[in-house]
Amino acid sequence: MKRSLCAGAAFAVVAAFAGHAAAADFTAADLEFFEKKVRPVLDTHCYSCHAKGKSNGGLSLASRAAMLKGGASTQPAVVPGDPDNSPLIEAVKYHDVVKMPKKYKLKDEEIADLVAWVKRGAPWPATPVSAADAAIRTGGETISPAERAFWSFQPVKNPPPPAVKDGNWCKQPLDHFVLAKLEAKGLRPVATADKRVLIRRATFDLIGLPPTPDEVHAFLADPSPDAFAKVVDRLLASPHYGERWARHWLDVARYGEDQAHTFQARVYPNGYRYRDWVIQAFQDDLPYDRFVTEQIAGDLLVKNGDAEKHLPALGFFALGPHYYMDAGEAKAAEAAELDDHVDVLGRGFLGLTVACARCHDHKFDPITTKDYYALAGVFKSSKYVEAPMGTPEEIEKFNQAQAKIKAQEDKVKAFLDAEGAKLAEAQAGETAKYIIAVWKFQNQGNTKTLLSTADFAKSEKVNAAVLDRWLKYAIEKFIAGKPFLGPWPKTLSAETDNDVLAKVTKAAEAYQAELLAVLKERDELAKEKKPLDKAKADLLQDLFSAQGVFGTDAKKVEAKLPEDAKKTLTSLRTELEQVKKANPAKLPIVHTLADGQGENMHVYLRGNPKTEGDVVERRFPRILSADDARPFTQGSGRLELANAIASPKNPLTARVMVNRIWQRHFGVGIVPTPSNFGKLGQQPTHPELLDHLATHFVAEGWSVKKLHREIMLSATYQLSSATDDADRKADPENQLYWRMNRRRLDVEAWRDALLSASGNLDPAVGGPSADLNATSNHRRTLYGAVSRHNLNGLLRLFDFPDPNLTAEKRPVTIVPLQQLFVLNSEFMTEQARGLVKQLASEKDDATKIQKAFVRLYGRPATEREVKLGLDFLTVPEPTLPSTEPKPKLSRWEQYAQVLLGTNEFTFVD
């Protein structure tokens, strides 16, 4: 409907704008969404009429301010947060009197992106790109000194630890960097966490499980100065360490085992092999540079039959979203998949939003559209494959056996096709009958009653299915002017008298005679081993092949075979079964990539695959290229790309991974936007600390475990989560790390902790995924199936990331449904019953309460907590009417469920 604004409505809109986030308040994710999804739509479809200097109707869409100002009607084009009342959205949906663009409607996904953008508050970068930088990037050959000077593009340095007043507080060099910032602000770190808190924190951090009572007791009883170091070393050696840290990486890798759609969806039944590869890589402390290289080019590192060691790593790309479209849009589907690969590569390894340059040069970072297509060409030159796993000898033996099976299956098919052709050709003598029937059916218009194909076929005593195929064939070949035996008598189509029917009959019989002559000619030529003329061969294919006009369904062919032919078919199938029985066991497969011939891509102008620009050589982005971005020349270029990313000279790779590890230990990264180290990302709070850690990370052989140790043995990591009024007032967000951040367990650690506390956890490592909803599934949550189409309800409820997109961090929501799950789900009641069983050996309730607290929270219960528990446990059950259902849980089971649902169990200090 058409929308107009009265004075009061206009005032409300202005108030809405005033109350909404200012442009400077938008998150990096909001601004990335605008750059990747919205600006290309405006640029492609709107700016020709509504850009700077072209404000038709007085409306310019060249800036947020211009949109909010509106056009000649003074009505804002968008109402941030309210797409239903935004004229721009009404126009693109074609709901309003005004329909934009005028000549065509936007694609559904483009409209959806605009709606999502308005819901986010219509984010728009506050700072425009300078004209000079924009011009330079458009040229794509030169990067300005100012752009190269940006902090994340500078080489990693190794700054010495700064001097501090209280050097005795520092346990690691990194502490100097933290304390120096605190002292500069006149702040002091809080006290060190007590040992119970520390072991619980470390255990969840490294293996994603709570410490056992025995582990807590052993740590408390160890007075040595390296007692905590022993705990850290034990946890790093635990077989569950790899499971915990693999899950963090799988968020970045947007790991999933199917697709978001159901039509023609590709599934990944062996996707778990990539997950298990990541687990083992962390468990073995695979050097991070090698970890990067194998996920980009593992297939190119295979030697001496060690494919199983490397190929699963390519799941990083191979398990990504797969797009399908109509045949005419196949190129667009391919472009979408290439975009996914470039995006996850850029964000995951480099911390850059490279995919924002798909439609235009990046508006903020020195990444050009040519840089984007130089990387996209690498993946266009690679292909998805399902590769068998085994030694070269096993694979060769299996392939040979498969070839034999295929050859025998082809024999069976060829025999049935030949017999089907015989049955079809046996109907050649009925050609005239069907042509006459076609003509009669087409001329039903002159009769009073129109018959269906089936009824008409019955009246003409012909096969309805064959008649239907003849009708379609006549329209396609005869009437469309593409005759196979002569022109279709169009001039006769309007005539109905008997003389005309006689003429049609005569023409049909002539067709039939010619067709029989063609069959005879083919047979004569076959004796001389000569081919039939192509046009005549095509005719016979059209009429007598399995899919032809006279074609017979394969199952019906079998039923119509003469006895001799049936015996031959049985013999062929017996041979097929024998070949199959001799086949070696099917080899497991892995979803991976294979290298193809290097194929440089055209730039897609405005991101549209239908409008091609210049060809771009495959290479690394210029801003990161010390060798002036030399073209990749080895196959697809993936190995060269991997080496460029994993190079210690690359200023981003080590910084990005160090920051991710710090983020998982403290809840926030030194760079708070872990996958965006560009201008739209946030600046590092401690840039010297980041470089110090990155330098040591590389120097220590890219060892993730050594980096854990360096961080966790620091005084900074071991701080309490207690608050301090002066510190909180000066640094309310704890950006200077004067305390440890209290963190809620993610869904995996929380569910696993519940299973562990109840004694139900299955500790088996690796293997196929299973449905988390299955009551018998007591494995770690990491091994639950991850569906893009229908994500498990528990995962969705507790902030699991969208597996269609790379996730730098997870949101933390608090919604009523989460607590309802804790109170009412069968899963929680099962764990409550299990916890009670773990306490059954204790004789009295007070001792059971103490044991429960140590098991769940790593500490004994206070006197007040014991009293509260006993008061609840000893109160008699209320007398309920006979019509009321009895409680499903006993008093102890109810109490256990309450303990499992507490904040203390759910949070880590």
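Computed from a prediction, not measured in an experiment: that's the story for all the values here. (Residues numbered from 1 in each chain as written. Predicted model: local features only at pLDDT ≥ 70, side-chain atom pairs only at ≥ 80, totals over all residues. Heavy atoms only, no water.)

### Examining the side chain of Ser787
Step number 1: Position of Ser787 among the secondary structure elements: in the loop between helix H33 (747-757) and helix H34 (793-797).
Step number 2: In this structure the side chain of Ser787 is engaged in a polar contact, spanning 3.2 Å, whose partner is the backbone nitrogen of His789.
Step number 3: Side-chain polar atoms of Ser787 contact the backbone nitrogen of Asn790, separated by 2.8 Å.
Step number 4: When sequence neighbours within four positions are dropped, the list of residues in contact with Ser787 reads Asp258 and Pro803. (Helix = DSSP H or I, 4+ residues; strand = E, 2+ residues; numbered from the N terminus. Polar contact = N/O pair within 3.5 Å; in protein donor to acceptor, adjacent residues only side chain to side chain. Contact = heavy atoms within 4.5 Å.)

### Let's talk about the confidence of the model for the chain
Step number 1: Here the chain averages 86 in pLDDT, while 89% of its residues score no lower than 70.
Step number 2: Between residues 1-21, whose pLDDT stays under 50, and residues either more than four places distant or in other chains, the model counts 29 contacts.
Step number 3: Long-range and interchain partners of residues 489-494, a stretch whose pLDDT sits below 50, account for 11 contacts in this model, where long-range means more than four residues apart. (pLDDT = per-residue confidence, 0-100.)

### Regarding the nonpolar core
Step number 1: Counting residues in hydrophobic clusters, the biggest one holds 161 residues, and the most contacted among them are Trp249, Tyr274, Phe282, Phe349, Leu641 and Trp750.
Step number 2: Excluding anything up to four places from it in sequence, Trp249 contacts Tyr274, Val278, Phe282, Tyr288, Phe291, Gln295, Phe316, Gly348, Phe349, Met657 and Arg660.
Step number 3: In terms of nonpolar packing, the next biggest core, distinct from the first, is built from 31 residues, Ala428, Ala432, Leu467 and Leu532 among them. (Core = buried A, V, L, I, M, F, W, Y, C linked by side-chain atoms within 4.5 Å. Buried < 20%, exposed > 50% of the residue type's maximum accessible area, 1.4 Å probe, protein only.)

### Details of a nonpolar patch on the surface
Step number 1: Residues Val815, Leu817, Leu820 and Leu823 make up a contiguous nonpolar surface patch of about 360 Å² in total accessible area.
Step number 2: In this fold, Leu823 is placed in helix H35 (residues 816-824). (Patch = residues over 30% accessible without salt bridge, like charges linked within 9 Å, V, L, I, M, F, W, Y side chains within 5 Å. Areas by Shrake-Rupley, 256 points an atom, 1.4 Å probe, with all protein chains shown as cover. Salt bridge = Lys/Arg side-chain N within 4 Å of Asp/Glu carboxyl O.)

### A few points about unusual backbone geometry
Step number 1: Even without being glycine, Arg254 reaches a positive phi, approximately 45°.
Step number 2: One can find Arg254 in the loop between helix H13 (241-252) and helix H14 (272-283).
Step number 3: Positive phi is not limited to glycine here, since Asp799 has a value of about 70°.
Step number 4: For Asp799, the position within the fold is in the loop between H34 and H35.

### A short note on the pattern of salt bridges
Step number 1: The final tally for this structure, using the stated rule, is 43 salt bridges.
Step number 2: For Glu294, the salt bridge identified is with Arg290, shortest N-O distance 2.9 Å. With Glu294 and Arg290 both in helix H15 (residues 288-297) and four residues apart, this pair spans about one turn of that helix.
Step number 3: For Glu294, a relative accessible area of 3% corresponds to the buried category.

### Details of the packing of helix H10 (residues 195-207) against H13
Step number 1: Viewed as axis vectors pointing N to C, H10 and H13 meet at an angle of 70°, and their least axial separation amounts to 6 Å. By the criterion of interaxial angle, the relationship of H10 to H13 is roughly perpendicular. Across the interface between the two elements, Phe204, Asp205, Leu206 and Ile207 from H10 touch Tyr241, Arg244 and Trp245 from H13.
Step number 2: A per-class count over the contact of H10 with H13 returns five nonpolar, no polar and two charged. (Axes fitted to C-alpha atoms, helices over the stretch in contact; angles between N-to-C directions. Parallel < 35°, antiparallel > 145°, perpendicular 65-115°, else oblique. Nonpolar A, V, L, I, M, F, W, Y, C, P; charged D, E, K, R; others polar.)

### Remarks on H14
Helical geometry: 3.6 residues make up each α-helical turn, so side chains three or four residues apart lie on a common side.
Step number 1: Look at H14: 16 Å from first C-alpha to last across 12 residues, which is about the 16 Å you get at 1.5 Å a residue.
Step number 2: Turning to H14, its buried residues number three or more, namely Tyr272, Tyr274, Arg275, Asp276, Trp277, Val278, Ile279, Ala281, Phe282 and Gln283.
Step number 3: Just beyond H14, the residue with positive phi is Asp285, at close to 55°. (Expected span 1.5 Å × (residues − 1).)

### A look at the environment of Phe398
Step number 1: Its location among the elements puts Phe398 in helix H20 (residues 392-425).
Step number 2: According to the relative accessible area criterion, Phe398 is buried, its value standing at 11%.
Step number 3: Between the C-alpha atom of Phe398 and that of Lys586, which follows or precedes it by 188 residues, the distance is 7.5 Å.

### Some words on helix H18 (residues 330-350)
Step number 1: An ideal rise of 1.5 Å per residue puts 30 Å on 21 residues; H18 measures up with 29 Å between its terminal C-alpha atoms.
Step number 2: Where burial is concerned, most of H18 is hidden: 18 out of the 21 residues are buried.
Step number 3: At the C-terminal side of H18, Gly351 shows a positive phi close to 65°.

### Observations concerning the packing of aromatic side chains
Step number 1: Using the criterion set out here, one finds 41 aromatic pairs in the structure.
Step number 2: A ring pair is formed by Phe316 and Phe317, whose centres lie 4.9 Å apart and whose planes are at 90°; its orientation type is edge-to-face.
Step number 3: Taking relative accessible area as the criterion, Phe316 reaches 0% and is therefore assigned buried.
Step number 4: With a centroid separation of 6.0 Å and 80° between ring planes, the pair formed by Trp470 and Tyr473 is classed as edge-to-face. Here Tyr473 and Trp470 lie together in helix H23 (residues 464-479), a separation of three residues that amounts to about one turn.
Step number 5: A cation over an aromatic ring shows up here: Lys195 above the ring of Phe219, its NZ or CZ 4.4 Å from the ring centre.
Step number 6: Sitting above the plane of the Tyr717 ring, Arg201 keeps its charged end 5.6 Å from the centroid. (Phe/Tyr/Trp six-rings, centres within 6.5 Å; stacked < 30°, edge-to-face > 60°. Lys NZ or Arg CZ within 6 Å of the ring centre and 35° of its normal.)

### So, the environment of Leu467
Step number 1: Along the chain, Leu467 turns up in helix H23.
Step number 2: Spatially, the C-alpha atoms of Leu467 and Val438 are 7.3 Å apart, while their sequence positions differ by 29 residues.

### Describing empty space enclosed by the protein
Step number 1: Scanning the entire structure with this criterion turns up seven cavities of 30 Å³ or more.
Step number 2: In this structure, the largest cavity spans a volume of roughly 90 Å³.
Step number 3: Together, Trp245, His248, Trp249, Val252, Phe282, Met657, Arg660, Ile661, Gln663, Arg664 and Glu808 line the largest cavity.
Step number 4: Examining the composition of the lining of the largest cavity, we find that five residues originate from one element, helix H29 (residues 653-666), more than from any other.
Step number 5: By residue class, the composition of the lining of the largest cavity is six nonpolar, two polar and three charged. (1 Å grid on protein atoms, 1.4 Å probe; cavity = no way out; pocket = protein on both sides within 12 Å on 5 of 7 lines; lining within 4 Å. Points joined across faces, edges and corners; volume = space filled by probe spheres on them.)

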